[in-house]
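Analysis of the macromolecular model
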Amino acid sequence: MNAFADKIDLRKLSVDQFIQLLETLHMLGSAGAGVELSSLSTEVLVDIVQRASKEQVKAIADHPELRSVFLDEIFQRMSDHFLEDKARHVNFVVSWRFSEGDGDDGFDRFQTVIEDGVCVSSTDLGRSPDTTITLSVDDFIRMATGNAAVAAMFVTGKVKVKGEYAPAVRFSSYFDIPKATQT
């Protein structure tokens, strides 16, 4: 699956073709065909986001099913890239709010809990947040894959923080954010 994804020239795909490709891969995975987006390495997913146009990434965010698939993949993989040693004595809860979501208030929500060198993320961990971060899904996808300058997103207001500001600013330093495999 990784080799297949590496060979796709995303620049040659329209936004609709890009989404159709992702829908097909997701459908094959859901049907148990053994072809799943979740089988892609994190580095290949990062590379796909890097090679995709802003319009293609925005189309993922605007697609109800693919939006959920990408958010789930990113949050499931967070613990794999967590730097335990850097956060051994850190304890905080980050609530994530993604605009234009399906929730009652128009947001998709996730939580990330970092406690005693362990990171857990899910849609609802039932914890009171120290920090709530609000942003668009497409900005989050780019940010989580190292394809956006986090500091610039804070400065330009693309990332809004409610509560303690320090955990939000330091959050990315607790992760080994994968780099794309291609240039």
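Right above here is the structure, for reference.
Now for a quick tour of the structure. (Residues numbered from 1 in each chain as written. Predicted model: local features only at pLDDT ≥ 70, side-chain atom pairs only at ≥ 80, totals over all residues. Heavy atoms only, no water.)

1. A closer look at the pairing of strand S3 (residues 118-122)
Only one face of S3 is buried: it carries Cys119 and Ser121, and the other face, with Val118, Val120 and Ser122, is open. Bridge count for strand S2 (residues 107-115) against S3 is 5 bridges, and the pairing is antiparallel. By the bridge assignment for S3, isoleucine 114 is matched with cysteine 119. Here S2 hands over to S3 after 2 residues, with aspartate 116 in that stretch at a positive phi of 50 degrees. (Buried < 20%, exposed > 50% of the residue type's maximum accessible area, 1.4 Å probe, protein only. Helix = DSSP H or I, 4+ residues; strand = E, 2+ residues; numbered from the N terminus. Pairing = 2+ DSSP bridges.)

2. A word on the packing of aromatic side chains
Per the stated rule, a full pass over the model turns up 14 aromatic pairs. Ring geometry for phenylalanine 92 versus tyrosine 174: centroids 5.9 Å apart, planes at 45 degrees, classification tilted. With phenylalanine 92 in strand S1 (residues 91-99) and tyrosine 174 in the segment after helix H8 (165-170), this residue pair connects regions lying 82 residues apart in the sequence. Each member of the pair phenylalanine 92 and tyrosine 174 is classed as buried. In this structure an aromatic cluster arises from ring pairing among Phe75, Phe82, Phe92, Trp96, Phe98, Phe110, Phe140, Phe171, Tyr174 and Phe175. One residue, arginine 97, lies across the ring of phenylalanine 107, its end atom 3.8 Å from the ring centre. (Phe/Tyr/Trp six-rings, centres within 6.5 Å; stacked < 30°, edge-to-face > 60°. Lys NZ or Arg CZ within 6 Å of the ring centre and 35° of its normal.)

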